[in-house]
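Structural overview for review
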Amino acid sequence: MKLWLNGKPSTPSDIMHQCMIREEEEYMRDFVSGDDDHIIGIGFDYIKKKEV
């Protein structure tokens, strides 16, 4: 399974590290599926919160 962090190929430890140092921020998961609808990858995209 392929993993991406902010659109770049990544490793589980890189993703864990980034999520831990940005505790107050959020990451959105993006599940990538193949032609047969099986999940072939997961992307983690950093979400910036907007002040309202």
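Residues numbered from 1 in each chain as written. Predicted model: local features only at pLDDT ≥ 70, side-chain atom pairs only at ≥ 80, totals over all residues. Heavy atoms only, no water.

Structural notes on a nonpolar patch on the surface
Taken together, the side chains of M1, F31 and I39 define a hydrophobic patch exposed on the protein surface, amounting to about 350 Å² of accessible area. Counting through the fold element by element, M1 comes out in the segment before β1 (2–5). (Patch = residues over 30% accessible without salt bridge, like charges linked within 9 Å, V, L, I, M, F, W, Y side chains within 5 Å. Areas by Shrake-Rupley, 256 points an atom, 1.4 Å probe, with all protein chains shown as cover. Salt bridge = Lys/Arg side-chain N within 4 Å of Asp/Glu carboxyl O. Helix = DSSP H or I, 4+ residues; strand = E, 2+ residues; numbered from the N terminus.)

Concerning the environment of D45
With respect to the element layout, D45 can be found in strand β4 (residues 39–47). Residue D45 is classed as partly exposed on the basis of its relative accessible area, which comes to 25%. Each C-alpha atom of the pair D45 and R29 lies 6.5 Å from the other, and the pair is 16 residues apart in sequence. Beyond its immediate stretch of four places on either side in the chain, D45 contacts N6, G7, E26, Y27, M28 and D30. (Buried < 20%, exposed > 50% of the residue type's maximum accessible area, 1.4 Å probe, protein only. Contact = heavy atoms within 4.5 Å.)

Remarks on the environment of M1
Of the residues examined, M1 reaches a relative accessible area of 67% and is grouped as exposed. Separated by 40 residues in sequence, M1 and G41 have C-alpha atoms that sit 5.1 Å apart.

That's the geometry; what it means functionally is another story.
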